[in-house]
Amino acid sequence: MSRLLANKVALITGASSGIGQATVRRFAREGATVIALARRRERLEELAREYPGVTPFACDVTDHAALEQCVRQAVTPHGRIDVLVNNAGFSYYQRHTDSTLEQWRQTMAVNLEAYYVLAQLVVPHMIRQRYGRIVNVSSTQALASEPLVGAYAASKGGINAWSRTLAVDLAEYGILVNVVAPGCIHTEMSTIHGVDETTTPDFQEWYVRRRKIPLARPGQPEEVANAILFLSGDQCTYITGHTLVVDGGLTITF
Ligand SMILES: NC(=O)c1ccc[n+]([C@@H]2O[C@H](COP(=O)([O-])OP(=O)(O)OC[C@H]3O[C@@H](n4cnc5c(N)ncnc54)[C@H](OP(=O)(O)O)[C@@H]3O)[C@@H](O)[C@H]2O)c1
């Protein structure tokens, strides 16, 4: 059986855990050569031992010189880069009145600015190839609101709006740009102040028993990776500027 990403070169950020890690594994199994970027080098090296097609690149996404080096390292041996998955992200939980401008700026630097910088770096290669797929991971926090996550929600809303414009800008070069917006996914990010949010009585009552999430469970990272895979491959040919919500129905309910 032919593999969905055979001969493709992909760069995936936030690759050391959760959605990014699941995406690296999924892409590698589909035959892609993957450059896996995150700060925790040992996690990336584990992935590389698991899948020979994976090359680790350890850096902080706010280090733009390192991002430049990463893209160069990805393109040089293969002569191309087909897929960029911008996925690295973080959140902090604070009321607006207690939050600081520094927290806001750090959130934008990781969740939004780094996405832009990486797109700047890969797009010239994609234009040369007349082929590319960019998948930006945002969040349902960009579509509906909760308290304490203002900067995060703003950064994710920025991803959605920017991605639509980027899709228009790059369409003539055969580059498709889409967004995956996960809802509540069971990853390290769902542990807040040391508590796995998906196991709390409140979560179980509201999201599961009362079905605020109609599918009545948190999602798994692999379920988001499948959506990213679809938007990253040759089976995606007539979809661009789209936000694909992967949330078990969370945002369709009151
Ligand atoms: N889990 C959810 O419920 C959920 C819902 C909606 C959206 N999302 C989004 O999905 C994406 C992945 O999150 P996740 O749930 O998989 O969380 P996660 O397990 O905490 O993964 C976050 C990834 O981002 C990397 N990262 C964070 N800051 C970084 C930095 N400054 N430089 C480089 N890498 C950095 C982390 O690696 P290192 O620490 O090794 O650098 C890690 O690999 C994020 O954009 C998140 O906003 C998640």
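Everything that follows concerns the structure shown earlier in this document.
These numbers were taken from a predicted model, which means no experiment stands behind them.

1. Some remarks on the overall build of the chain
Phase 1: Across its full length, the chain carries 7 helices and 9 strands.
Phase 2: Scaling as 2.2 N^0.38, a compact globule of 254 residues should have a C-alpha radius of gyration of about 18 Å, and the chain matches this with 18 Å.
Phase 3: Reported as C-alpha extents along the three principal axes, the dimensions of the chain are approximately 50 × 45 × 40 Å.
Phase 4: Pairs at least 24 apart in sequence give 70% of the contacts found in the chain among residues at least 6 apart.
Phase 5: For the chain, the accessible area works out to roughly 12,300 Å², and carbon and sulfur atoms hold 53% of it.
Phase 6: The centroid of the 24 positive side-chain charges in the chain is displaced by 5 Å from the centroid of its 24 negative side-chain charges.

2. Let's talk about helix α5 (residues 150-170)
Phase 1: Counted at 1.5 Å a residue, the expected span for α5 with its 21 residues is 30 Å, and the 30 Å between its end C-alpha atoms agrees.
Phase 2: For α5, every residue scored as buried is listed here: Ala151, Tyr152, Ser155, Lys156, Ile159, Asn160, Trp162, Ser163, Leu166, Ala167 and Leu170.

3. A few points about the site of the ligand
Phase 1: Neighbouring the ligand are 29 residues, the closest being Ser17, Arg39, Asn87, Tyr152 and Thr187.
Phase 2: Between the ligand and Tyr152, the relevant distance is 2.6 Å, taken from an oxygen atom to a side-chain nitrogen or oxygen of the residue.
Phase 3: Thr187 places a side-chain nitrogen or oxygen 2.6 Å from an oxygen atom of the ligand.
Phase 4: Those elements giving two or more residues to the shell around the ligand turn out to be α1 (18-29), α4 (101-129) and α5.
Phase 5: Here the residues of the shell around the ligand sort into 14 nonpolar, 10 polar and 5 charged.

4. Observations concerning the nonpolar core
Phase 1: Membership of the largest hydrophobic core comes to 65 residues, with the highest contact counts inside it found for Leu11, Phe27, Val54, Ile134 and Ile228.
Phase 2: When residues of this core are assigned to their parent elements, the largest contribution, 9 residues, is made by α4.
Phase 3: Other than its neighbours up to four places away in sequence, Ile228 contacts Ile19, Thr23, Phe27, Val85, Val135, Val137 and Val180.

Analysis parameters
Chains are numbered independently. Their residues run from 1 in the order of the written sequence. It should be noted that, the model being predicted, local features are given only for residues of pLDDT at least 70 and side-chain atom pairs only at 80 or more, the latter also being counted only at that level, while totals for whole chains, interfaces and linings use all residues. Computation of side-chain values covers all heavy atoms of the structure but excludes hydrogens and water. Secondary structure elements follow DSSP: runs of H or I no shorter than four residues count as helices, runs of E no shorter than two count as strands, and numbering proceeds from the N terminus. In this setup the radius of gyration rests on C-alpha atoms only. A globule is expected at 2.2 Å times the number of residues raised to 0.38. Every residue pair with non-hydrogen atoms within 4.5 Å of one another is taken to be in contact. What sets the accessible areas is the Shrake-Rupley method with a 1.4 Å probe; for residues, cover comes only from the shown protein chains. Two residue types count as positive, namely Lys and Arg, and two as negative, namely Asp and Glu; His and chain ends fall outside the count. A single reference atom marks each charge: NZ on Lys, CZ on Arg, CG on Asp, CD on Glu. A helix is expected to reach a length of 1.5 Å times the quantity of its residues less one. In this scheme, a residue with accessible area under 20% of its type's maximum is buried, one over 50% is exposed, and one in between is partly exposed, where area comes from a 1.4 Å probe on protein chains only. One heavy atom within 4 Å of a molecule or strand makes the whole residue count as near it. Polar contacts here mean pairs of N or O atoms no more than 3.5 Å apart (in protein, one a potential hydrogen donor and the other a potential acceptor; neighbouring residues in sequence count only if both atoms are side-chain atoms). Each residue is assigned to one class: nonpolar for Ala, Val, Leu, Ile, Met, Phe, Trp, Tyr, Cys and Pro, charged for Asp, Glu, Lys and Arg, and polar for all the others, Gly among them. What is meant by a nonpolar core is a set of buried Ala, Val, Leu, Ile, Met, Phe, Trp, Tyr and Cys residues, joined one to another through side-chain atoms within 4.5 Å.

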